Amino acid sequence: MLDVKKLLKKNPFVLAPMDDVTDIGFRELCEEKGACYSTTELTSINALVRGKVFKSRYEKGNLRINSVQLFGSEPDVFVEASKIVDKEADMIDVNFGCPSPNVTRQYAGSCLLKDPKNVGNIIEKLVKENEKPVTAKIRLGYKKATHIEIAKEIEDCGADALAVHGRTAAQKYSGKANWDAIQEIYEKTNITLIGNGDVKDEDDIAKYLNSHCDGLMIGRAAIGNPFLFERFNYYLKHKKKLEFDREKLKEKQKELLRDYLKKLENREFFNLNLKIQRQSMWFFKGIEGAKEFRNKIAQEKDIDKIYRAIEEF
Ligand SMILES: Cc1cc2nc3c(=O)[nH]c(=O)nc-3n(C[C@H](O)[C@H](O)[C@H](O)COP(=O)(O)O)c2cc1C
């Protein structure tokens with residue numbers, strides 16, 4: 001069985017799950033550039049058992065490690081859903097952090113943080129019925145911070161690792177992530193801990209890794225930026241920042257976008273065109289002409305023409 005703690009010792013950088021961002025192509029790219037592993041976008045257990053989920057949402061593809069994130073509320077349905085993704089998954093992750101009303105109104109995501117016993121029931125059942133690691137991703141609490149109680153419950157119920165976004169659900173993305181609270185979990189539990197929230201550069205590695213947590217999970221800073229994992233690994237190894245040549249940035253990002261498009265070929269997605277537009281906007285963010293490029297491919301369905309537009313960009 002995979003040992004998450006050992007994995008993080010070798011490489012502590014994990015790509016965060018982000019709905020509509022971290023599709024299989026993007027995750028493969030981040031792993032190639034140095035992410036230890038990544039987690040799928042959140043996937044509904046109810047939709048899974050009804051057969052309503054594209055396989056591309058949870059497939060392993062060419063990933064070394066595929067952590068599949070599930071959300072829902074019923075422990076038995078979690079187990080049923082985990083069996084459906086079993087062949088593709090190396091780990092099962094449970095979302096206890098999503099603050100979106102679409103999710104919380106189903107009594108799922110961060111809504112479950114209101115009731116730590118329920119969190120425990122889900123983890124316990126999944127651990128009992130699965131041979132692979134079961135992990136959880138939480139926020140600090142729903143309205144008020146209850147992180148210690150929740151983290152202990154998750155640890156006691158046998159989860160292999162815990163990722164913590166240092167905000168409550170009520171905070172959404174406002175303010176700064178509370179890394180003192182993440183450190184408190186590190187000190188008061190023995191669970192393998194992955195800290196998350198506002199990690200954006202090498203200084204954050206020095207500030208938080210091994211003092212606040214065993215691994216760092218990176219979300220928004222990695223959007224359009226898989227090279228961040230290369231930079232972070234370089235920093236860890238050489239204790240200095242990787243110099244990068246801004247002149248070459250555009251060509252590097254073009255290459256990356258081409259790689260990304262290749263990874264999407266022969267896979268089925270909900271809205272491929274929109275996905276390509278969004279990702280290219282992120283890959284070319286801050287590069288002159290990015291907006292015009294996006295407009296050029298906005299209605300383009302012919303993939304060869306998109307490759308040509310990249311060439312001409
Ligand atoms: C666009 C977007 C989509 C997200 N989708 C998910 C998700 O599907 N599952 C999840 O657990 N967290 C999700 N998150 C939360 C992130 O995983 C992460 O916890 C949060 O962005 C804080 O990390 P960061 O400051 O590094 O971005 C999402 C965040 C963003 C910005």
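The model shown is predicted, which means the values in this text are computed figures rather than measured ones.

Novice: So what exactly am I meant to see when it comes to the packing of aromatic side chains here?
Specialist: Two numbers describe a pair of aromatic rings. These are the distance of the centres and the angle of the planes. Summed over the entire model, instances satisfying the criterion amount to seven aromatic pairs. Ring geometry for Phe 293 versus Phe 313: centroids 5.2 Å apart, planes at 55 degrees, classification tilted. Taken as a pair, Phe 293 in helix H13 (residues 290-297) and Phe 313 in the segment after helix H14 (303-312) lie far apart in primary sequence, 20 residues in all. The pair Phe 293 / Phe 313 is uniform in exposure class, with both members buried. Clustering of aromatic rings is evident, with ring pairs tying together Phe 26, Tyr 260 and Phe 283. The ring of Phe 313 carries the charged tip of Lys 250 above its face, separated from the ring centre by 4.3 Å. Stacked on the ring of Phe 227, the Lys or Arg Lys 252 has its end atom at 4.2 Å from the ring centre.

Novice: Honestly, unusual backbone geometry in this entry has me stumped. Any pointers?
Specialist: If a residue is not glycine, its phi is most likely negative; likewise, a peptide bond is most likely trans. Phi is positive for Lys 172, which is not a glycine, with a value near 50 degrees. Relative accessible area serves as the criterion here: at 44%, Lys 172 is assigned to the partly exposed category. Unlike most non-glycine residues, Asp 198 shows phi in positive territory, near 70 degrees. The residue Asp 198 is located in the loop between strand S8 (192-196) and helix H9 (202-208) in this model. A relative accessible area of 30% places Asp 198 in the partly exposed class.

Novice: What am I meant to see in H14 here?
Specialist: At 3.6 residues per turn, the α-helix brings residues three or four places apart onto the same side. Buried residues of H14: Ile 306, Tyr 307, Ala 309 and Ile 310, and no others. On an axial view of H14, the arc spanned by its buried residues comes to 160 degrees, and they lie on one face. In H14, the exposed positions angled more than 90 degrees off the buried face are occupied by Glu 311 and Glu 312. Considering only its buried residues, H14 is in contact with helix H11 (246-264), helix H12 (272-283) and H13. At the N-terminal end of H14, a side-chain oxygen is found 2.9 Å from the backbone nitrogen of Asp 304, two or three residues along, and the residue is Asp 302.

Novice: Help me understand the pairing of strand S9 (residues 215-218), please; the structure alone is not making it clear to me.
Specialist: Residues in a regular strand point their side chains to alternate faces of the sheet. Side-chain alternation along S9 places Gly 215 and Met 217 on one buried face and Leu 216 and Ile 218 on a second face that is also buried. Bridge count for S8 against S9 is three bridges, and the pairing is parallel. Note that in S9 the partner of Ile 194 across the bridge is Gly 215. Handedness of the crossover joining S8 and S9 through H9: right-handed.

Novice: How should I be thinking about the pairing of strand S6 (residues 134-139) in this particular structure?
Specialist: S6 sits mainly inside the fold: six of its six residues count as buried. The two faces of S6 match: Val 134, Ala 136 and Ile 138 on one face and Thr 135, Lys 137 and Arg 139 on the other face are all buried. With five bridges connecting them, strand S5 (residues 91-96) and S6 associate as parallel partners. When the sheet's bridge partners are listed, Asn 95 is paired in S6 with Lys 137. Direction of pairing for S6 relative to strand S7 (residues 161-165): parallel, over a ladder of five bridges.

Novice: I would appreciate a short explanation of the pattern of salt bridges in the present structure.
Specialist: Side-chain pairs of opposite charge can arise whenever the charged atoms involved come near each other. Using the criterion set out here, one finds 26 salt bridges in the structure. Between Glu 32 and Lys 263 there is a salt bridge, with the nearest N and O atoms lying 2.5 Å from each other. Here the residue Glu 32 occupies a position in helix H2 (residues 24-33), and Lys 263 occupies one in helix H11, the gap between them amounting to 231 residues. Taking the relative accessible area as the measure of exposure, Lys 263 reaches 15% and is therefore buried. Connected via shared salt-bridge partners are Glu 28, Glu 32, Glu 59, Lys 263 and Arg 267.

Novice: Whenever I open this one, the packing of helix H4 (residues 75-84) against helix H6 (residues 116-129) confuses me. Can you help?
Specialist: The packing of two helices is summarised by the inter-axis angle and the distance between the axes. Two elements in contact, H4 and H6, have axes separated by 9 Å at closest approach and are oriented at 40 degrees. Seen along the crossing, H4 lies across H6 with a hand that is right-handed. Taking contact as the criterion, the partners of Pro 75, Asp 76, Phe 78, Val 79, Ser 82 and Lys 83 in H4 are, on H6, Asn 121, Ile 122, Lys 125, Leu 126 and Glu 129. Its residues assigned to classes, the contact of H4 with H6 comprises five nonpolar, two polar and four charged.

Novice: Just to check I follow, could you spell out the site of the ligand for this structure?
Specialist: In the vicinity of the ligand there are 16 residues, among which Pro 17, Gln 69, Asn 196, Asp 198 and Arg 220 approach most closely. At a separation of 2.8 Å, an oxygen atom of the ligand approaches a polar backbone atom of Pro 17. Asp 198 has a polar backbone atom sitting 2.7 Å from an oxygen atom of the ligand. Out of a free accessible area of 610 Å², the ligand has 86% covered by protein chains.

Conventions we followed
Residues numbered from 1 in each chain as written. Predicted model: local features only at pLDDT ≥ 70, side-chain atom pairs only at ≥ 80, totals over all residues. Heavy atoms only, no water. Phe/Tyr/Trp six-rings, centres within 6.5 Å; stacked < 30°, edge-to-face > 60°. Helix = DSSP H or I, 4+ residues; strand = E, 2+ residues; numbered from the N terminus. Buried < 20%, exposed > 50% of the residue type's maximum accessible area, 1.4 Å probe, protein only. Lys NZ or Arg CZ within 6 Å of the ring centre and 35° of its normal. Arc of directions from axis to C-beta. Contact = heavy atoms within 4.5 Å. Polar contact = N/O pair within 3.5 Å; in protein donor to acceptor, adjacent residues only side chain to side chain. Pairing = 2+ DSSP bridges. Right-handed = clockwise from strand over helix to strand, strands pointing away. Salt bridge = Lys/Arg side-chain N within 4 Å of Asp/Glu carboxyl O. Axes fitted to C-alpha atoms, helices over the stretch in contact; angles between N-to-C directions. Left-handed = near helix turned anticlockwise from the far one by under 90°. Nonpolar A, V, L, I, M, F, W, Y, C, P; charged D, E, K, R; others polar. Near = heavy atom within 4 Å. Areas by Shrake-Rupley, 256 points an atom, 1.4 Å probe, with all protein chains shown as cover.

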